[in-house]
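Structural characterization, general
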Amino acid sequence: MLRTRRTGSMILMTMLLATNAACGAAGGPKVGWSDDEGGGSLGPQLNVTLSLSGATTLAGDQTAAAPTNNGTIPASCAEYAKGSTGEEGRTFYVGAGLLDGPVAGRRVTLELWIEEYTGPGTYPKGQLVAPGSRPSIAVDGTVYGTWPDSTSSEVVTDDRGGGTWTFAKLATTGAGGLPGDAVDGTVTWTCRDA
């Protein structure tokens, strides 16, 4: 069974590489790939900077791909700035979640989407969501999330694919299901076309 899966994965990768090479050789577009001779990258890249204080402190940056909620790759930072519309017709702005590596030596993941996104601007806590949960930052496995009453949270996005998430009292789940240890801070990102 394992050998079949490994063989299937190798065949799929070979087909993808051959298709990309054929499109390039025929002069067709290489969707999502840069035209650099040094190799390609998928879509725009985000530089994400975190600054946290409180229950834990963290300052540093890392890169990530510009994500969407519909499986497509944005062609540019300007396209990423418009958000993405899923099959159900709703438009979201999807913040970087999976970073390319550690931030100041620590494992970090982010969950932040803006629902009912209408383009660059300022979005209040009520429009900030995450898939299956509330907006959060996980640092080395400890999750600091948005709480309905105690957390303040706002996102500002720009027309170049960048933005800032400012928050106070993102908290762990404490005793009795109440907010526990909390952090304040910002997550800022800028976008660079591939």
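Residues numbered from 1 in each chain as written. Predicted model: local features only at pLDDT ≥ 70, side-chain atom pairs only at ≥ 80, totals over all residues. Heavy atoms only, no water.

Before going further, it helps to spend a moment on the overall build of the protein chain. Per the secondary structure count, the protein chain includes two helices and 13 strands. Of all 194 residues assigned to the protein chain, the portion counted as buried reaches 34%. Within the protein chain, contacts between residues separated by at least 24 positions form 55% of all contacts whose residues are at least 6 apart in sequence. Of the accessible surface of the protein chain, which amounts to about 10,900 Å², a share of 55% is contributed by carbon and sulfur atoms. (Helix = DSSP H or I, 4+ residues; strand = E, 2+ residues; numbered from the N terminus. Buried < 20%, exposed > 50% of the residue type's maximum accessible area, 1.4 Å probe, protein only. Contact = heavy atoms within 4.5 Å. Areas by Shrake-Rupley, 256 points an atom, 1.4 Å probe, with all protein chains shown as cover.)

A word on the confidence of the model for the protein chain. Residues of the protein chain with pLDDT of at least 70 account for 79%, and the chain-wide mean is 83. pLDDT under 50 marks residues 1-39. Its contacts with residues more than four places away, or in other chains, come to 17 contacts. (pLDDT = per-residue confidence, 0-100.)

This brings us to the state of the cysteines. Scanning the entire structure with this criterion turns up one disulfide. The residue that forms a disulfide with Cys77 is Cys191, at a sulfur-sulfur distance of 2.1 Å. Between Cys77 and Cys191, the S-S dihedral sits near -85 degrees, and the bridge is therefore left-handed. Taken as a pair, Cys77 in helix α2 (residues 77-81) and Cys191 in strand β13 (residues 179-192) lie far apart in primary sequence, 114 residues in all. (Disulfide = S-S within 2.5 Å.)

Glancing now at the side chain of Ser153. Topologically, Ser153 is positioned in strand β11 (residues 152-157). Owing to a relative accessible area of 9%, Ser153 belongs among the buried residues under this scheme. A distance of 2.7 Å separates polar atoms of two side chains, one belonging to Ser153 and the other to Trp165. Not counting residues within four places of it along the chain, the set of residues in contact with Ser153 comprises Pro124, Lys125, Leu128, Trp165, Thr166 and Phe167. (Polar contact = N/O pair within 3.5 Å; in protein donor to acceptor, adjacent residues only side chain to side chain.)

Reading across the sheet, the four strands line up as β3-β4-β6-β8 and stay open at both edges, with antiparallel pairing between neighbours. A single partner strand is all that each edge strand has here, and the edge strands are β3 (84-85) and β8 (128-129). Of the strand pairs in this sheet, strand β6 (residues 113-115) and β8 are connected by two bridges, and their pairing is antiparallel. Note that in β8 the partner of Trp113 across the bridge is Val129. (Pairing = 2+ DSSP bridges.)

The next thing to look at is the packing of aromatic side chains. Evaluated as defined, the whole model comprises six aromatic pairs. Considering the side-chain rings of Tyr80 and Tyr93, the 5.0 Å spacing of their centres and the 45 degrees angle between planes classify their relative orientation as tilted. Of this pair, Tyr80 sits in helix α2 while Tyr93 sits in strand β4 (residues 91-94); the two residues are 13 residues apart in sequence, bridging distant segments of the chain. Given a relative accessible area of 3%, Tyr80 falls into the buried group. Look at Tyr93 and Tyr117: their rings are 5.0 Å apart centre to centre, the planes differ by 45 degrees, and that puts the pair in the tilted class. Here Tyr93 is found in strand β4, whereas its partner Tyr117 is found in the loop between β6 and β7 (121-124), with 24 residues between them in sequence. For the pair Tyr93 and Tyr117, a shared accessibility class is recorded, and that class is buried. One aromatic cluster is present, formed by Tyr80, Tyr93, Tyr117, Tyr123 and Trp189 through successive ring pairs. Across from the ring centre of Trp147, 4.4 Å away, lies the NZ or CZ of Arg134, which sits over that ring. (Phe/Tyr/Trp six-rings, centres within 6.5 Å; stacked < 30°, edge-to-face > 60°. Lys NZ or Arg CZ within 6 Å of the ring centre and 35° of its normal.)

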